[in-house]
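# Topology and contacts: notes
Next come the chains, spelled out residue by residue.
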Amino acid sequence: MATKQGQWSSYWAFILATAGAAVGLGNIWKFPYIAGENGGGAFVLIYLVCIALIGIPLMMAEVMLGRAAGHDPYTAIRQLTKKYRAHGLWQVAGGSLVLAGFLILSYYSVIAGWATAYVLKAASGIFFEADASHINALFHQLVASPYELAFWHTLMMSMTIAIVSMGVEKGLERSVLYLFPSMLALLLVIVGYSMSTGYFAKGLSFLFYPDFNKLSSYGILSAVGHAFFTLSLATGSIMMYGAYLPARVSIPKTTVFIAIADTLIALLAGLAIFPIVFAYKLEPSAGPGLIFQTLPLAFGQMPYGSFFGMVFFMMLVFAAFTSAISLLEPSVAWCVNYFKLSRPKAAFMVGGAAWLLGFGTIFSFNWWQHLKILGFNFFDFLDNMTANYMLPLTGLIVALFAAWVATDSKKQLAITSPFLFKCWKYSLGILTPIAIILVFLNAVGILSFGSHS
Ligand code: PHE
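Attention in this report is confined to the structure presented alongside it. (Residues numbered from 1 in each chain as written. Predicted model: local features only at pLDDT ≥ 70, side-chain atom pairs only at ≥ 80, totals over all residues. Heavy atoms only, no water.)

### Overview of the site of the ligand
The environment of the ligand is made up of 15 residues, and the closest members are Ala22, Gly26, Tyr108, Phe229 and Ser232. Interatomic distance of 3.1 Å between a backbone N/O atom of Leu25 and an oxygen atom of the ligand. Here Tyr108 contributes a side-chain N or O atom positioned 2.5 Å from an oxygen atom of the ligand. Taking 320 Å² as the accessible area of the ligand by itself, protein coverage stands at 100%. Contributions of two or more residues to the shell around the ligand are made by helix 1 (11–22), helix 2 (25–37), helix 11 (217–230) and helix 15 (305–338). Considered class by class, the residues forming the shell around the ligand number 6 nonpolar, 9 polar and no charged. (Near = heavy atom within 4 Å. Polar contact = N/O pair within 3.5 Å; in protein donor to acceptor, adjacent residues only side chain to side chain. Areas by Shrake-Rupley, 256 points an atom, 1.4 Å probe, with all protein chains shown as cover. Helix = DSSP H or I, 4+ residues; strand = E, 2+ residues; numbered from the N terminus. Nonpolar A, V, L, I, M, F, W, Y, C, P; charged D, E, K, R; others polar.)

### Some thoughts on helix 11
Its 14 residues place the ends of helix 11 20 Å apart at the C-alpha level, agreeing with the 20 Å of an ideal helix rising 1.5 Å per residue. The element helix 11 is extensively covered by neighbouring structure, given that 13 of its 14 residues are classed as buried. Ser232 occupies a position one or two residues after helix 11 and carries a positive phi of about 60 degrees. (Expected span 1.5 Å × (residues − 1). Buried < 20%, exposed > 50% of the residue type's maximum accessible area, 1.4 Å probe, protein only.)

### Considerations on the packing of helix 5 (residues 92–123) against helix 6 (residues 132–144)
One way to put it is that helix 5 packs onto helix 6 with a least axis distance of 11 Å and a crossing angle of 130 degrees. Here helix 5 is positioned oblique relative to helix 6, judged by the angle of their axes. Helix 5 and helix 6 meet at a crossing whose hand is right-handed. Between helix 5, through Trp114, Ala117, Tyr118 and Lys121, and helix 6, the contact on the second element is made entirely by Leu138, Phe139, Leu142 and Val143. (Axes fitted to C-alpha atoms, helices over the stretch in contact; angles between N-to-C directions. Parallel < 35°, antiparallel > 145°, perpendicular 65-115°, else oblique. Left-handed = near helix turned anticlockwise from the far one by under 90°. Contact = heavy atoms within 4.5 Å.)

### Here's the deal with the packing of helix 11 against helix 17 (residues 378–405)
Packing of helix 11 against helix 17 leaves a shortest axis separation of 8 Å and a crossing angle of 70 degrees. By the angle between their axes, helix 11 is roughly perpendicular relative to helix 17. The interaxial crossing formed by helix 11 with helix 17 has left-handed handedness. Facing Tyr218, Leu221, Ser222, Gly225, Phe228 and Phe229 of helix 11, the residues of helix 17 in contact are Asn384, Ala387, Asn388, Tyr389, Leu391, Pro392 and Gly395. Looking at the contact of helix 11 with helix 17, its residues break down into 8 nonpolar, 5 polar and no charged.

Right under this line is the structure:
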């Protein structure tokens, strides 16, 4: 179905753009740092199970619903509710989808800004043979300066606004084509370095040996939340991109492919980073600075390290950029539809609001460091609220909607095997809601899997 706002020129363009939305800071920056904070193996196992049993079926559902409606997520859910003669309450999901992407964008752009700053640092040769304390100091210098963070955040957000103003066809497609192969290749170079540190086995066992004693109830919640975040689910992004997908393309094949690629990149990032953490006696639980405190050490030691470092951070910026675009697109498309604004105007207004909100994140690393909301600083609060609560909750509603309300899903998805279709339907209609509710009850202390601290 064609939409007013454009359509992907080809099947590959959809795959690339959707993979570009999925692969980003979540894989390379967030996954290693939250895996490190939550004790490694057991966290990773839960994350992988969630990707397979919840993430992939939900991704199919979102692409399907987006394509069926051919509109921004809010309008899509509203129209589908009418089409299937369902209760108006389902529309809550539409609003939440659009809002979550907007909130995430506000801090996403700040962290993408860190990566931008590191392109220059790497190119300057400053990492060359630097020791861990020097690398550590460089990171802290950066986040201590609100002005520097504001500069990079503004740059990132302006570029995102510019691309979204131009519209999907012109802005997005080609940019992702070269990213994945080069990203994989560079990650493999770093994994190669990590193998030479003598701590590769330790890194492997940290990531893949599940020790459930190390996993807290909050760790379980974060693993579930991250499965949504990393696949860009429940934020409107995937649904929005689905709206631009031509009707003849097979949804199941494409989504499985994207989810696997996304997961592989995250695991490779983990394999690149943890051996370095152990080799240099750093803390796996160092927090959001983890990749900025470890990878430069590797670049400082390897031949042509300044060059590899620069290219690596450039790719990270690029990966973040394609995700940032997908975060802004749904709320912009919604404004265009709802307020009848022009695309550039909507992009400027929504992006501008997210830009302003981003200052909360910037200050949480310096001026507002000690300001706590429910025990979290502003950035952690926003990240936790969106990724760990809003996304699973919205995802739950979308899952129920796709499984029980969308009566023509079998035809839409074109799954020929009745068995596979049932797997899809029951994993969304039964397993996902039960799992998410149990994890929530556990996080607030009503159940007790994992340690509660
Ligand atoms: N999935 C992206 C990442 O892993 C982040 C993202 C979340 C993008 C939600 C769009 C929507 O970096």
